[in-house]
Amino acid sequence: MYKVMVVDDEPWGRKSVGKMIDELQLDVEVVAEARNGAEALELIPVSKPHIIVTDMNMPVMNGQQFLEQLYHRYNHIKVVVISGHSQFEYMKAAVAYQACEYVLKPVSHADLKDAIVKAIQASRSHMSVEQRQQFASEMRKLRTETFLQNVTGRRIVGNADIVSQAAELLTSPPIGRYRVAVCMFRRFRELSETKFNGNADLLMFSIENMMNELTSGAPLYVFKSDDRQRLCLLLSEPVMDGGTVRELLLPFHETMSRMLQLYGVVGLSDPRERLDQLPEAFEEASERLYGSPLRGSEFVVKAADTPRELRERGEMLGGFDAKLLQQAIVGGQTASVRRMLGEFARKAEISESLSIRSAQKELSKLGAAAGNEWPAIAAASLLLSDQRAIDSVMTLSALHAYVAELSAAIEAHIHARAASNDAANPMSEIVAYLDGHYFEDVGLIDMATRYHMDPSYLSRQFKAATGENFIEYVTRKRMEKACELLRESDHKVSDIAELVGYENQRYFSQVFKKFTGQTPSEFRESPMPEFQPAKN
């Protein structure tokens, strides 16, 4: 099987091309993805692709520069260029640096298949005898890993199929009675983000290579889980009990902690006799791994289930608390949300027996408490939108980081929702319009027509927003302006009446007296600096 790397700065582009390659039914497998040429060059020594499918228009290191580097450093790797551009410079670079094919977007399955077939043929003819032997060894290893992934993932379930493929692939060492060890690493996500530019696959390839090197000669097979966050070991006799496994893996752990500050946590299954029991052994080992303490950096090999009474400890968000959190989110109470999430983190801080699994379950409750608000909250955060983010929480600091990110995302969501509601309910705009046009002949129906609203609905919303009905508000604005003009100008009452929107002076005087308790003339002559509105 030929290993393929896909290089494209657009995530959807990488996924689309990878999916198409999987559908071609050729002897190829996508083993790595990269966002640009520079990242691809870092991945090549680890993933060792035979074929690279690359875009040309990329940041950091564009396609032309990448092809040149490949030509001078890895000319045994065959290249297929996929580009949305037919620019002469791109095509010239593809020809100069001996790309197998140049395929224009949008790519059809037929064009891609022809290009990959050419790359396979070129790769095969390029190999020396020694290279072909090495290639055969790498392909066997890749097929073995794929087989073990398919069995643990329950994609191969028939016992006869498992036995026949195992007889071909699991011969050195032979597998009889076995256990499964599943290993995860504290700070894995943090390190992949800070030291590996967010490329978790690159970090896992490095870890897997170290494991293979440091356990060379031991009766085991190493493979990655489907989610590429766990490293799995199929252990044959005589490597059986937890103490022996710890002794076997301790040099690996010491190397990882010294070089990368990663700390391994291992779950070990009970012995199994048949390979069709591999999924159950894998799940048992994973569950034991997650039963390890959240605190600590010591090397842990957990070979027994956590007692039930300990599994049930450590609840940090009860049902009532979850309802309170949901109400706070829905009600837009940011202070209450911060307080409750802070209390959640404090409980984790003081819990000595909190396991990895319990911590992850409690974090899941926080998302569930958000209810229908969760999709919008998570969408704005790369951490929260990643379904694997909670599964990667294996330290107290990672839990605190998740809670802090969640708190910030909820607060941002509440503010955005409030702003959206303000935009959807234009009461403030209507009030501002009335403040500037109170002297005009504006009525409720006029405003409802202007803002495309039902008059009765506008009336209710206006009263809720201002505490006054529409007529009361306009009248108050007119009377306040009339009082100001009567105090500060020598305009006639008839002129003031007209200035504030009343054509009939008599009617204006009636409204003014009802509002202030005085006629306009009495108000003007009164020494009182302020008026007191009359009570109805």
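As the structure is a prediction and not an experimental result, all values here were calculated from the model.

Chemist: Run through helix H19 (residues 427–437), naming residues and quoting values.
Modeler: Residues Met427, Ile430, Val431, Tyr433 and Leu434 constitute the buried set of H19. Angular distribution of buried residues about the axis of H19 spans 160°; they occupy a single face of the element.

Chemist: I'd love a proper account of the packing of aromatic side chains, names of residues and values included.
Modeler: Using the criterion set out here, one finds 8 aromatic pairs in the structure. An angle of 70° between the planes, with centres 6.1 Å apart, marks the rings of Phe185 and Phe252 as edge-to-face. With Phe185 in strand S6 (residues 178–186) and Phe252 in helix H10 (residues 242–260), this pair connects stretches of sequence that are 67 residues apart. For Phe185, a relative accessible area of 2% gives the class buried. Here Phe252 falls in the buried class, since its relative accessible area comes to 2%. Cluster of aromatic residues (ring-pair linked, three or more members): Tyr502, Tyr507, Phe508, Phe512 and Phe523. Residue placement shows Arg357 over the ring face of Tyr290; its charged tip is 4.0 Å from the ring centre.

Chemist: Before we move on, can you summarise the environment of Glu247 with the specific residues and values?
Modeler: Within the secondary structure, Glu247 is located in helix H10. The class of Glu247 is exposed, set by a relative accessible area of 63%. Once the C-alpha coordinates of Glu247 and Thr171 are considered, the two residues, 76 residues apart in sequence, prove to be 24 Å apart.

Chemist: Kindly report on the nonpolar core, identifying the contributing residues and their values.
Modeler: Grouped together as the largest cluster of nonpolar side chains are 77 residues, with contacts concentrated most on Ile21, Val53, Phe185 and Ile207. If you tally residues by element for this core, the top one is helix H9 (residues 200–214), at 7 residues. Once residues within four sequence positions are removed from consideration, Ile207 is found in contact with Phe185, Phe188, Leu231, Phe252, Met256 and Leu262. In terms of nonpolar packing, the next biggest core, distinct from the first, is built from 61 residues, Ile156, Val265, Leu275 and Met340 among them.

Chemist: Describe H9, with residues and values.
Modeler: Over its 15 residues, H9 runs 21 Å from end to end, which matches the ideal 21 Å to within 8%, given 1.5 Å per residue. Looking at H9, one finds that the buried residues are Leu202, Leu203, Met204, Phe205, Ser206, Ile207, Glu208, Met210 and Met211.

Chemist: Can you explain the sheet that holds strand S5 (residues 101–104)? Please cite residues and give values.
Modeler: With parallel pairing, 5 strands are arranged side by side in an open sheet as S2-S1-S3-S4-S5. Edge positions in the open sheet fall to strand S2 (28–34) and S5, since each of these has one partner strand only. Averaged over all neighbouring strand pairs, the angle between strand axes comes to 20°, with direction disregarded. Bridge count between strand S3 (residues 51–54) and strand S4 (residues 78–83): 4 bridges; the pairing is parallel. Of the residues in S4, the one forming a bridge with Thr54 is Val81. Along the sheet, helix H1 (residues 11–22) contacts strand S1 (2–7), S2, S3 and S4; its crossing angle with S2, the most-contacted strand, is approximately 170°. Most of the contacts of helix H2 (residues 37–47) go to S2, to which it runs at about 135°, and overall it touches S1, S2 and S3.

Chemist: If you had to explain the packing of H2 against H9 to someone new, which residues and values would you point to?
Modeler: Between H2 and H9, the least distance of the axes is 9 Å, while the angle of their chain directions is 30°. In terms of orientation, H2 lies roughly parallel with respect to H9. Viewed along their axes, H2 and H9 form a crossing whose handedness is left-handed. Here Glu42, Leu43, Val46 and Ser47 of H2 lie close against H9, whose contacting residues are Leu202, Phe205, Ser206 and Asn209. Of the residues in the contact of H2 with H9, the class split is 4 nonpolar, 3 polar and 1 charged.

Chemist: An account of the sheet that holds strand S8 (residues 231–236) is requested, with residue identities and associated values reported.
Modeler: The strand order S7-S8-S6-S9-S10 describes an open sheet built from 5 strands, whose pairing is mixed. One side of each edge strand has no neighbouring strand; the edge strands of this open sheet are strand S7 (220–224) and strand S10 (300–302). This sheet shows a mean twist of 20° between the axes of neighbouring strands, independent of strand direction. With 6 bridges joining them, S6 and strand S9 (residues 263–268) adopt antiparallel strand pairing. Residue Phe185 lies in a different strand from S9, and its bridge partner there is Gly264.

Chemist: So what's going on with the confidence of the model for the protein chain? Residues and values would help.
Modeler: Residues of the protein chain with pLDDT of at least 70 account for 93%, and the chain-wide mean is 85. Segment residues 529–536 is flagged for pLDDT under 50; beyond a separation of four residues in sequence, or across chains, it makes 16 contacts in the model.

Chemist: How would you summarise the pairing of S8 if you had to cite specific residues and measurements?
Modeler: When you tally the buried positions in S8, you get 6 out of 6 residues, the bulk of the element. Residues of S8 alternate between two faces, with Leu231, Leu233 and Leu235 on one and Cys232, Leu234 and Ser236 on the opposite face, all of them buried. Note: S6 against S8, 6 bridges, orientation antiparallel. Bridge pairing in S8 places Val182 opposite Cys232. As paired strands, S7 and S8 are joined by 5 bridges and run antiparallel to one another. The residue bridging Leu220 from the neighbouring strand is Leu235, located in S8. As consecutive antiparallel partners, S7 and S8 are separated by 6 residues, and within that stretch Arg228 has a phi angle of approximately 60°, a positive value.

Chemist: Can you break down the side chain of Glu208 residue by residue, with the values?
Modeler: For Glu208, the position within the fold is in helix H9. For Glu208, a relative accessible area of 5% puts it in the buried group. Setting aside residues up to four positions removed in sequence, Glu208 forms contacts with Glu145, Val222, Phe223, Lys224 and Leu231.

Conventions we followed
- Residues numbered from 1 in each chain as written.
- Predicted model: local features only at pLDDT ≥ 70, side-chain atom pairs only at ≥ 80, totals over all residues.
- Heavy atoms only, no water.
- Buried < 20%, exposed > 50% of the residue type's maximum accessible area, 1.4 Å probe, protein only.
- Helix = DSSP H or I, 4+ residues; strand = E, 2+ residues; numbered from the N terminus.
- Arc of directions from axis to C-beta.
- Phe/Tyr/Trp six-rings, centres within 6.5 Å; stacked < 30°, edge-to-face > 60°.
- Lys NZ or Arg CZ within 6 Å of the ring centre and 35° of its normal.
- Core = buried A, V, L, I, M, F, W, Y, C linked by side-chain atoms within 4.5 Å.
- Contact = heavy atoms within 4.5 Å.
- Expected span 1.5 Å × (residues − 1).
- Pairing = 2+ DSSP bridges.
- Axes fitted to C-alpha atoms, helices over the stretch in contact; angles between N-to-C directions.
- Parallel < 35°, antiparallel > 145°, perpendicular 65-115°, else oblique.
- Left-handed = near helix turned anticlockwise from the far one by under 90°.
- Nonpolar A, V, L, I, M, F, W, Y, C, P; charged D, E, K, R; others polar.
- pLDDT = per-residue confidence, 0-100.

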